[in-house]
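Take a look at the letters that make up each chain.
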Amino acid sequence: HASRDGERRTLQQVGKPLTFQTEAAPAEPYFKGWIDTVTPRVISGWVVNIAAPMERVEVQLYIDDHFVEARIADQPRPDLKQEGLRENSSVGFLFLTPKLVNATHVVRVYAVRHDEQGRPALRMIGRPMKLTVAPSESDTPAEVNGRKED
């Protein structure tokens, strides 16, 4: 997990692990988006609220059906102007992949949508993606956006 100072730290589990049940409902018709990159270091993509394109969307990362992190999709994506996002191209998200065991994992990113009563529901962006971590990929530091990871 990346800390605020950009250093990568290993998280320790405290107590019993939590498992979340997520609905496999697609993002559409509420959201439009895609997961562009899934690597042992980075998971990135974009999402936009179709009804309110200027509104920032909360996204949540799940790996192997376990919640990892939530953030706002607000990264610049000028390449999406051709998708009709001329008013707001800051719809990208980027997660630093946490340290994972050497295996194949399933990655899902969800957009959070609140219903009329304000209850959150998760809508899957794109489709589940596979991420295979090999020993050399999990042990080698990488650089993302100018920040060194370990």
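Residues numbered from 1 in each chain as written. Predicted model: local features only at pLDDT ≥ 70, side-chain atom pairs only at ≥ 80, totals over all residues. Heavy atoms only, no water.

Novice: Describe the packing of aromatic side chains, and please don't skip the residues or the numbers.
Specialist: All told, the structure shown has three aromatic pairs when counted by the stated rule. Between Tyr 62 and Phe 67, the ring centres sit 5.7 Å apart and the planes meet at 75°, which makes this aromatic pair edge-to-face. Exposure remark for Tyr 62: the relative accessible area of 5% places this residue in the buried category. Put simply, the rings of Tyr 62, Phe 67 and Tyr 110 pair up and form one aromatic cluster. Looking at Arg 113, its charged tip hangs above the ring of Tyr 30, at a distance of 3.5 Å from the centre. (Phe/Tyr/Trp six-rings, centres within 6.5 Å; stacked < 30°, edge-to-face > 60°. Buried < 20%, exposed > 50% of the residue type's maximum accessible area, 1.4 Å probe, protein only. Lys NZ or Arg CZ within 6 Å of the ring centre and 35° of its normal.)

Novice: Account for unusual backbone geometry, naming residues and giving values.
Specialist: Positive phi, normally seen in glycine, also occurs at Asp 64, with a value near 55°. Inspection of the secondary structure assignment puts Asp 64 in the loop between β3 (57–63) and β4 (66–73). With relative accessibility at 32%, the residue Asp 64 sits in the partly exposed group. A positive phi angle is found at Asp 65, which is not glycine, with a value near 65°. Inspection of the secondary structure assignment puts Asp 65 in the loop between β3 and β4. The class of Asp 65 is partly exposed, set by a relative accessible area of 37%. (Helix = DSSP H or I, 4+ residues; strand = E, 2+ residues; numbered from the N terminus.)

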